[in-house]
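Survey of secondary and tertiary structure
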Protein chains: 2
Amino acid sequence: MQSPVDLGSRTIPRALVVLCTSETSRSSSECSNDDQRLSASVSCSSSDFDLSISFRERYELLMARLLRRARTTRIWRRTCFVFYLQILIALFTLIVVIQLSSSIGSRVIYTTVSNGVLNNNLLTQIIVITPTYRRASRLADMTRMANTLTHIENLHWIVVEDNNSPVAAVERLLNRTGLPYTYIAAKTVPGYPRRGWYQRTVALQYLRNHTDEVTEGADRSVVYFADDDNSYDIRLFNDYIRNVRKVGIWAVGLVGGVLIEMPDVRNGTVVGWHVVWNKKRKFATDMAGFAIALDVILNSTAVFGTSCKRGLGAPETCLLEDLGLERSDLEPFGFHQEHRELLVWHTKTVKGTYNKRAQDTHGFFVE
Amino acid sequence: MQSPVDLGSRTIPRALVVLCTSETSRSSSECSNDDQRLSASVSCSSSDFDLSISFRERYELLMARLLRRARTTRIWRRTCFVFYLQILIALFTLIVVIQLSSSIGSRVIYTTVSNGVLNNNLLTQIIVITPTYRRASRLADMTRMANTLTHIENLHWIVVEDNNSPVAAVERLLNRTGLPYTYIAAKTVPGYPRRGWYQRTVALQYLRNHTDEVTEGADRSVVYFADDDNSYDIRLFNDYIRNVRKVGIWAVGLVGGVLIEMPDVRNGTVVGWHVVWNKKRKFATDMAGFAIALDVILNSTAVFGTSCKRGLGAPETCLLEDLGLERSDLEPFGFHQEHRELLVWHTKTVKGTYNKRAQDTHGFFVE
C-alpha cells in the first residue's frame, strides 16, 4: 500500500518518513527513543537528507534497526494508532465546526410587532407568510408588496429572512407599513433547497408556538404563502382568502411556463388540474394558488420537509397532503362569474448583473 | 425590358400578353378594336391558348399585325402608358392604405374620469403619466402599480395605451382604483421608437389641451412619468414629487446596468451625474428620476420627438432641454439625510414565453 520513497541510493517505506516527519516536529520521541546514540543527529525533516556518506550509512543502519524492531515490538502499531488518532481528531473538529455553523444557521431571531389597533373580529384575519432573501431587487419587490398588503385590513405579515440576522432596511420597511408583523431571521440549514422551504417551515413552527401573538384574539384566521415578487390584486385577499373555510384554491397567472395554472373545476368541485408541468401531483397548484384555515395548520405538524419525492420538486402538494387534505376539501374561488379574472400572478423580477463592490453607492443602502 | 413569352412555337412580347389579359377581363377593347373579324374568337386568357392550328395561325397573324401597327401607330405608347398608369394607381392605393392605417394609429381615443371627490387644494396635485402596452405581464404590473398609486392623495393618472382602442380590462382596473384618471388609446405612429415616446408625447399634448379637466382646479400640479413595471415607495410621491417647485431630481435604483443612477449633488446643487451609460448627457437621468411642475410644461411645446440625437437614444435629456431647463433648475431630493434611501427602482418583469393560442385560458382574460 505504501509506495517507496527514494532516499539517496536506497529506499525506505514512505510510512516511516511520514511518521518521523510528523513526530519530530513536536517531540521526536519515537525516533530518538529507538537509538539514543543517534538521536541527536537524526532529524527526519527533509532538509536534513543532504548528509555525509558516513551519516547516511549510520542513518540507514538506524532505519533498518527501527524497521526490524518495529516489526517485533508494539511501536509500529502505536505510531500507527497515534497517526490515525490525529486524523480522527482533525475530522471530528471539522464536523464540530460544520455542526456549529449549522446550529448558528438554524438560530431563529424574530420580532413581532402589533399595530396596537383592535382587530375587527367580524373580519377573518389573514396571515401572510413571505420568505425573502438578499438580492439587488429585494427592497423594490418588498416595497411593491407592502404597498399591496397595506390595503388589506386585519392582516398579519410574517416575513422570514434567509439570513442569520434581520436586515435593518427590511425591518424599517415593515415598520413603515403600520401592519402588525413578525420578522424572523432563519438561515436555510443544510438539506433544504434554497427556495424558501426552510423559511416557510420556520414560519409554520412559529405560528404553532406563538398562535396568540399572531392572531391577537381574532376569531378566525387564514394562512397564505405569498412571495415578495408576485403580483396581487387586493380582491384576492378580500374576496377569496378572507372567505376560505378550510382550503381555498384559485387560478394563478404566469406560472410553470404557462399563462394560467388552475384547478379543473366542475360543478364547484376540483376534479383535476389544468397545468402543464407535472400534472400527476395530487395538488398541482403553485404556492400562490391556495390559502389554508389556521385551524387546519394547528391540527397538524405538517411542514415543508427537507425532501419531498411526491411533489417532484414542488413542495405544495406535500404540504397539503401532510395536512391530511383531500381534493374534495378544496374550495374553488373565481370560477362562477361570467368574466373570470386572474387575481394573482407569479411574476419574477429581472435579475440584473450588478457588481456592488465595483460601484460607489454614495451612502445609499443596496443589497 | 420585356422578356419574351413562349406561345406555341413563336414568341410575342410579354407586355402585350399582359395588356390583353388584363384588358380582356374588363372590356377587351384593345384586342377587339384592332381586328374586328377576330374579336369574337380571340380571348387573351391563358386557358384559351389550347386552340386549333387554324386559329393559332390566325392568332399569329393578328399578333404580327398588331405588332406592326403598334410600332407605327401610337397604340404601343398608349398601352405602355395604360400599363404604367395601372402600376402607379396600385402604388398610390398602397400608400393611401398605409397613410390611412397610420392616421387610424394616430387617432387618439380618451376617457377622463373624475373621482368626484373634492381635491385637497392644500396638497399639490400629482399627475402621473404611464405609457403601457399589451403583454402577458401587463395586468400584473398595472395591478401592482395601481396598488401603489391608490395610496397617494390628489393624484390624476394618465394611462396611454399603445393601441388603436382602449383595453377593457385596463379600463376596469382603472375604474376599480377609484382614482381620477384619463385613459388614452394612441398607437405609435411610424417614426417613433416603440418605447412609450409617442404615448408620452400624446399625454403632454392632452395635458396642454385639457388642462382644466386634469387639474380640476388644483392650485399647483407636478407631472411625473412613471412606467408600469417600476417599483415605487409611496414616499417618492408624498415627500419628493409633491414638493417639486420646478424640476425635482433623485436617485433611481437598478437602471442602466447599475445599482444606482443619481445626480452628483454638491452643496444642494447638481454638478454632474453618477451614471455609467452616456455620462455626457446634459441631463443624464432616467425617466423615473425626475418630475416637472405643470407650469413648466404648459409654458413650452416640448414633447418626446421622433428623433433625439442629443440624448443618444435617451429622450429624457431632450425633453428637459426642450423645456428650456438648465442643470441649475434641478432641485435634488433625498441627499440631505444621513441614511440615503432609494424610493424608486427601474425594475423589469421577466418576459416569459407564453403561447396564448396554444393554451386554453378557460374564460380568463389574458393579453
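Residues numbered from 1 in each chain as written. Chains lettered and ligands numbered in written order. Predicted model: local features only at pLDDT ≥ 70, side-chain atom pairs only at ≥ 80, totals over all residues. Heavy atoms only, no water.

In the superposition of chain A on chain B (RMSD 1.0 Å, axial shift 0.2 Å), the rotation amounts to 179°. These values place the two chain copies in the arrangement generated by a two-fold rotation axis. For chain A, the smallest separation between a C-alpha atom and the rotation axis is recorded for Thr349 of chain A, amounting to 2.2 Å. (Least-squares fit on C-alpha atoms with pLDDT ≥ 70 in both.)

This part is about helix α7 (residues 168-177) of chain A. Regarding α7 of chain A, the residues found buried are Ala169, Val170, Glu171, Leu173, Leu174 and Thr177 of chain A. On its buried side, α7 of chain A packs onto β3 (109-113), α6 (138-149), β5 (155-161) and β6 (181-185) of chain A. (Buried < 20%, exposed > 50% of the residue type's maximum accessible area, 1.4 Å probe, protein only. Helix = DSSP H or I, 4+ residues; strand = E, 2+ residues; numbered from the N terminus. Contact = heavy atoms within 4.5 Å.)

Residue and element names in this part refer to chain A. Their axes nearest at 11 Å, the elements α6 and α7 cross at an angle of 15°. Taken together, the axis directions place α6 and α7 in an arrangement best described as roughly parallel. Here α6 and α7 pass one another in a crossing that is right-handed. On the side of α6, the interface is formed by Arg138, Leu139, Met142, Thr143 and Ala146, while α7 contributes Ala169, Val170, Leu173 and Thr177. Class assignment for the residues of the contact of α6 with α7 results in six nonpolar, two polar and one charged. (Axes fitted to C-alpha atoms, helices over the stretch in contact; angles between N-to-C directions. Parallel < 35°, antiparallel > 145°, perpendicular 65-115°, else oblique. Left-handed = near helix turned anticlockwise from the far one by under 90°. Nonpolar A, V, L, I, M, F, W, Y, C, P; charged D, E, K, R; others polar.)

Residue and element names in this part refer to chain A. The phi dihedral of Asn267 falls on the positive side, at around 50°, and the residue is not glycine. As for its placement among the helices and strands, Asn267 is situated in the loop between β11 (258-266) and β12 (269-274). On the accessibility criterion, Asn267 (80% relative accessible area) is exposed.

We now examine a nonpolar patch on the surface. Residue and element names in this part refer to chain A. Residues Phe81, Val82, Phe83, Tyr84, Leu85, Ile87, Leu88, Ile89, Leu91 and Leu94 make up a contiguous nonpolar surface patch of roughly 940 Å² in combined accessible area. Its location among the elements puts Phe83 in helix α5 (residues 75-105). Overall, Phe83 belongs to the partly exposed group, its relative accessible area being 31%. (Patch = residues over 30% accessible without salt bridge, like charges linked within 9 Å, V, L, I, M, F, W, Y side chains within 5 Å. Areas by Shrake-Rupley, 256 points an atom, 1.4 Å probe, with all protein chains shown as cover. Salt bridge = Lys/Arg side-chain N within 4 Å of Asp/Glu carboxyl O.)

Below, the discussion takes up the interface of chain A and chain B. Each partner contributes residues to the interface: chain A has 46 residues there, and chain B has 46 residues. Where chain A abuts chain B, roughly 4200 Å² becomes buried across the two surfaces, and 63% of that area is made up of carbon and sulfur atoms. Counting the surface chain A buries against chain B, the share from its top three residues, Arg144, Leu259 and Phe364 of chain A, is 20%. Put simply, chain A and chain B have four salt bridges between them. Between Glu341 of chain A and Arg176 of chain B there is a salt bridge; the shortest N-O distance is 3.5 Å. Here chain A and chain B share 19 residue pairs in polar contact (both at pLDDT 80 or more) between them. Going through the elements one at a time, α6, β8 (231-232), α10 (234-240) and β11 of chain A are the ones with two or more residues in the side of chain A that touches chain B. Among the elements that make up the side of chain A that touches chain B, the one with the highest residue count is α6 of chain A (six residues). Looking at side-chain class alone, the side of chain A that touches chain B contains 19 nonpolar, 18 polar and nine charged residues. (Buried area = accessible area lost by both parts, 1.4 Å probe. Polar contact = N/O pair within 3.5 Å; in protein donor to acceptor, adjacent residues only side chain to side chain.)

Okay, the pattern of salt bridges next. The full count for this structure, using the stated rule, is 28 salt bridges over all chains. Among the ionic pairs, Asp264 of chain B bridges to Arg266 of chain B, the shortest N-O distance being 2.9 Å. In this structure, a network of salt bridges that share partners links the residues Arg135, Asp141, Arg144 and Asp228 of chain A.

Here the focus is the confidence of the model for chain A. All names here are of chain A. Overall, the predicted model of chain A reaches an average pLDDT of 81, with 77% of residues at or above 70. Confidence drops under a pLDDT of 50 for residues 1-51, and excluding neighbours within four residues, the segment shows 54 contacts in the predicted structure. The ipTM value of the predicted complex is 0.73, and its pTM value is 0.73. (pLDDT = per-residue confidence, 0-100.)

Looking now at the sheet that holds strand β14 (residues 330-332) of chain B. All names here are of chain B. Reading across the sheet, the eight strands line up as β3-β6-β5-β4-β7-β13-β9-β14 and stay open at both edges, with mixed pairing between neighbours. Two strands lie at the open edges of the sheet, namely β3 (109-113) and β14, each paired on one side alone. Between one strand axis and the next, the sheet turns by 20° as a mean value, whatever way the strands run. Here strand β9 (residues 247-249) runs beside β14; their pairing, made up of three bridges, is parallel. Bridging across to β14, Ile249 finds its partner in Pro332. Strands in contact with helix α12 (residues 315-322) are β7 (221-225), β9 and β13 (290-293); relative to β13, the strand with the most contacts, it is inclined by about 20°. (Pairing = 2+ DSSP bridges.)

Cross-referencing UniProt, the feature "binding site: Mn(2+)" (unreviewed entry) maps to Asp229 of chain A in the present numbering. On the secondary structure map, Asp229 of chain A appears in the loop between β7 (221-225) and β8. Accessibility expressed as a relative area gives 10% for Asp229 of chain A, which makes it buried. Those residues in contact with Asp229 of chain A that lie beyond four places of it in its chain are Asp141, Thr347, Lys348 and Thr349 of chain A together with Arg144 of chain B. (UniProt positions renumbered as here; feature names shortened; annotations may be inferred.)

Quick look at the UniProt feature "site: Interaction with galactose moiety of substrate glycoprotein" (unreviewed entry) in chain A now. Residues and elements named next belong to chain A. In the numbering used here, UniProt assigns the feature "site: Interaction with galactose moiety of substrate glycoprotein" (unreviewed entry) to Glu261. By secondary structure assignment, the location of Glu261 is in strand β11. Ignoring anything within four residues of it in the chain, the contact list for Glu261 reads Trp250, Ala251, Val252, Val255, Gly256, His274, Val275, Ala284 and Asp286.

Quick look at the sheet that holds β6 of chain A now. Whether parallel or antiparallel, the strands of a sheet pair through hydrogen bonds between backbone atoms. All names here are of chain A. If you trace the eight strands from one edge of the open sheet to the other, you get β3-β6-β5-β4-β7-β13-β9-β14, paired in mixed fashion. Looking along the sheet, the strands with just one partner apiece sit at the ends: β3 and β14 (330-332). Across the sheet, the mean angle separating the axes of adjacent strands is 20° when strand polarity is ignored. Here strand β4 (residues 125-132) pairs with β5 via seven bridges, running parallel. Across the sheet, the residue bridging to Pro131 is Val160, located in β5. On the sheet, helix α8 (residues 197-209) packs against β3, β4, β5, β6 and β7 and is oriented at approximately 145° with respect to β4. Against the sheet, helix α12 (residues 315-322) makes contact with β7, β9 (247-249) and β13 (290-293), and its axis sits at roughly 20° relative to β13, the strand it touches most.

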